[in-house]
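As a plain string of letters, each chain reads:
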Amino acid sequence: MATRSVWRARTRLLLAATAAGGGAGAALIMSSDDPASALKLSTTVPVRLFRDSVTAATIAFDYKYSLWGLPEDSPERARVKHEVHIRGARKLQELCFRNGGVYIKLGQHISQLEYLVPEEYVQIMRESMLNKCPVSTYDQVCKVVKNELGGTPEELFEEFDPVPIASASLAQVHVARTHDGQKVAVKVQHTHMTDTAAADTATVELLVNTLHRLFPSFDYRWLVDEIRESLPKELDFLVEAKNSVKCMDNFRKLSPQIARYIYAPGVHWNLSTSRLLTMEFIDGAQVNDLKTIQRLGIQPRDVAKLVSQAFAEMMFRHGFVHCDPHAANVLVRHLPSGNGSIFGKKKPQLVLLDHGLYKDLDDSTRINYAALWKGLIFSDAKAIKENSIKLGAGEDLCALFAGILTMRPWNRVIDPAVDHLVVKSSDRSELQMYASQYFPQITELLRRLPRVILLMLKTNDCLRAVSNALMQGSSLESFLIVGRVSSEAVIESKLWQKRSILSRIDIWLEKIFLEARLFGMHVALWFLQLQRALTL
């Protein structure tokens, strides 16, 4: 009976997909600036949608059929579910690569939702989606360059390497040299990306909505909403260029103490359009490439601290956050001034790439988010609950929200121990168990939270992966940096609001208490590190 109902659901999904495919194709032709190309593209839309439907229905059937009759919490069910997760992730991976474009972007989002989707999906997507994207042919690249700048690459540049050095979901990067001798990186959008993006987003939305109706516990409509909102901005490379300029301006004005340690490649505006971006070429190591970083004479620990400082400043002070800081988008190089430490170690500089996905936090959200992190770092249950509620989690899900942010269960979040937020390797399986156990509540939490906070969760996951790669595990020092920056942002906000002398004295005393508390935590950290060193 159950098998027949799943097959009926699968049939309905395929019929809906086929019907929608024709409508999507017609809309594509009518709205495109290039009807001939759109006509060609419209023939691929039904094919892609049919492929989507078959994949989604096959995955759904595999779960229903394979898990049918297996008792909850039984070892056999856990083993089978693990195998089904792997099969489903492989099928989804194949679909993303066959369709490309938006689907690659969707796969990248999934790869960064650690513990919000099954671990098997995260690992399989992370292994492939960041560095193995489809590549446009050189003829296609030449066509984009000609349409955007009015000439061939050979005419516009002194040199232009036809082989890209990197390819992502929306574009690929070629090394070139301008006529005045400057080495540049030219980011060229994949052909017809703008047309296919609209159709692909519509088809993905149809599938996610249909799957949610068939299987209510599967609710990732928020992810489609986010892609629909952010994709048009990411497809306009002039927006990306302006974001990079604003990012650096924010560091110079609001975080001058670390501004020289952060860099974004300069833009060649005369060789840039909405579909082609020419930037200064920067040579550096990917932020997770430990061997190269060490070969440069840079301490991975210093890089981890700088990453934490830079993104804490963006979140809690600037309110303008780079939301895609995965390893391929953050490079490390020597600080150009060449100043080293007293031990001859080089100081690092972070080079931020791919500025297409930024989020603005309004002042209220920014301060509430900072106050939440201050509460998390200092084990303040009252502040955690209060600010989780302000951010939309609700009183019933604030403990879960804190757990997702820190990857720690509630009893550890509010533990006063100095290392209460450090995740050890032995904790991984426990965290995955919690994610599986509370999946319906996680889905409800993601539905409630504003999309800007969902992007902060994604950014948080990216930063955690970077920190884990640099430090071979979570870093207490990084948490203390977050604690300092978030606390200072809250104090600065209070200073803006309070004008009386007495209130300012209270805030001044609060700042002294903060410094004393942070000093005590650093001393405790030093003793903890000494103890670990002596036990080795």
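This structure is a prediction, so every number in the text was calculated from the model and none was measured.

1. What to know about the nonpolar core
Here is step 1 of the chain: Phe316, Tyr369 and Phe401 are the most contacted members of the largest nonpolar core, which has 120 residues in total.
Here is step 2 of the chain: A per-element tally of this core places helix H12 (residues 300-318) first, with ten residues.
Here is step 3 of the chain: Among all residues touching phenylalanine 316, those that are not within four sequence positions of it are Arg366, Tyr369, Ala370, Trp373, Val482, Val485, Ser486 and Ala489.
Here is step 4 of the chain: Core analysis: the next-biggest nonpolar cluster, separate from the first, contains twelve residues, Val141, Ala176, Val186 and Leu271 among them.

2. Some details on the pairing of strand E3 (residues 171-177)
Here is step 1 of the chain: Within E3, six of the seven residues are buried, leaving the element largely enclosed by the surrounding structure.
Here is step 2 of the chain: Across two bridges, the pairing between strand E1 (residues 159-160) and E3 is antiparallel. By the bridge assignment for E3, phenylalanine 160 is matched with alanine 176.
Here is step 3 of the chain: In this sheet, E3 lies alongside strand E2 (residues 166-167) in antiparallel orientation, the contact comprising two bridges. Residue pairing in the sheet places alanine 166 in a bridge with valine 173 of E3.
Here is step 4 of the chain: Counting the residues in the hairpin turn of E2 and E3 gives three residues.
Here is step 5 of the chain: With seven bridges connecting them, E3 and strand E4 (residues 183-189) associate as antiparallel partners. Residue pairing across strands places histidine 174 opposite valine 186, the latter belonging to E4.
Here is step 6 of the chain: Connecting the antiparallel pair E3 and E4 is a turn made up of five residues, with glycine 181 showing a positive phi of about 90 degrees.

3. With respect to helix H18 (residues 439-448)
Here is step 1 of the chain: Within H18, burial applies to Ile442, Thr443, Leu445 and Leu446. One side of H18 carries all its buried residues, which in axial view fall inside an arc of 160 degrees. Pointing more than 90 degrees away from the buried face of H18 are the exposed residues Pro440 and Arg447.

4. Re the packing of helix H13 (residues 363-377) against helix H20 (residues 476-497)
Here is step 1 of the chain: Interhelical geometry of H13 versus H20 gives an angle of 135 degrees and a closest axis separation of 8 Å. Between H13 and H20, the angle is such that the two are oblique. Handedness of the H13/H20 crossing: left-handed. Mapping the contact onto sequence places Ile367, Ala370, Ala371, Trp373, Lys374 and Ile377 in H13 and Phe479, Val482, Gly483, Ser486, Ser487, Ala489, Val490 and Ser493 in H20.
Here is step 2 of the chain: Here the contact of H13 with H20 is composed, by residue class, of nine nonpolar, four polar and one charged.

5. Observations regarding the environment of serine 169
Here is step 1 of the chain: Tracing the chain through its elements places serine 169 in the loop between E2 and E3.
Here is step 2 of the chain: The residues touching serine 169, leaving out its near neighbours within four places in the chain, are Gly101, Ile104, Lys105, Gln108, Cys133, His190 and Met193.

6. Topic: helix H15 (residues 398-406)
Here is step 1 of the chain: Counting buried residues along H15, eight of its nine residues qualify, which places the element largely inside the surrounding structure.
Here is step 2 of the chain: Taken together, the buried positions of H15 are occupied by Cys398, Leu400, Phe401, Ala402, Gly403, Ile404, Leu405 and Thr406.
Here is step 3 of the chain: Turning to H15, the residues buried within the fold contact H13, helix H14 (381-390), helix H16 (410-413), H18 and helix H19 (451-471).

7. Observations regarding the environment of methionine 315
Here is step 1 of the chain: Mapping methionine 315 onto the fold places it in helix H12.
Here is step 2 of the chain: Overall, methionine 315 belongs to the buried group, its relative accessible area being 5%.
Here is step 3 of the chain: The spatial distance from the C-alpha of methionine 315 to the C-alpha of valine 482 is 9.9 Å, given a sequence separation of 167 residues.
Here is step 4 of the chain: When near neighbours in sequence (up to four residues on either side) are disregarded, methionine 315 contacts Val321, Leu361, Arg366, Tyr369, Met456, Thr459 and Leu463.

8. A word on the pattern of salt bridges
Should the charged atoms of two oppositely charged side chains come close, the side chains can pair.
Here is step 1 of the chain: In total, this model carries 27 salt bridges according to the counting rule given.
Here is step 2 of the chain: Note that aspartate 354 and lysine 187 form a salt bridge whose closest N and O atoms lie 3.5 Å from each other. Here lysine 187 lies in strand E4 and aspartate 354 lies in the loop between strand E10 (348-352) and strand E11 (358-360), a separation of 167 residues in the sequence.
Here is step 3 of the chain: Under the relative-accessibility criterion, aspartate 354 is labelled partly exposed at 22%.
Here is step 4 of the chain: Between glutamate 488 and arginine 484 there is a salt bridge whose closest N-O contact spans 3.3 Å. A residue pair is termed a helical-turn pair when its members lie 3 or 4 positions apart in one helix, as glutamate 488 and arginine 484 do in helix H20 at four residues.
Here is step 5 of the chain: The partly exposed category is assigned to arginine 484, whose relative accessible area is 27%.

Thresholds, definitions, all that
Residues numbered from 1 in each chain as written. Predicted model: local features only at pLDDT ≥ 70, side-chain atom pairs only at ≥ 80, totals over all residues. Heavy atoms only, no water. Core = buried A, V, L, I, M, F, W, Y, C linked by side-chain atoms within 4.5 Å. Buried < 20%, exposed > 50% of the residue type's maximum accessible area, 1.4 Å probe, protein only. Helix = DSSP H or I, 4+ residues; strand = E, 2+ residues; numbered from the N terminus. Contact = heavy atoms within 4.5 Å. Pairing = 2+ DSSP bridges. Arc of directions from axis to C-beta. Axes fitted to C-alpha atoms, helices over the stretch in contact; angles between N-to-C directions. Parallel < 35°, antiparallel > 145°, perpendicular 65-115°, else oblique. Left-handed = near helix turned anticlockwise from the far one by under 90°. Nonpolar A, V, L, I, M, F, W, Y, C, P; charged D, E, K, R; others polar. Salt bridge = Lys/Arg side-chain N within 4 Å of Asp/Glu carboxyl O.

Everything listed here is a matter of coordinates, which is why it stays silent on function.
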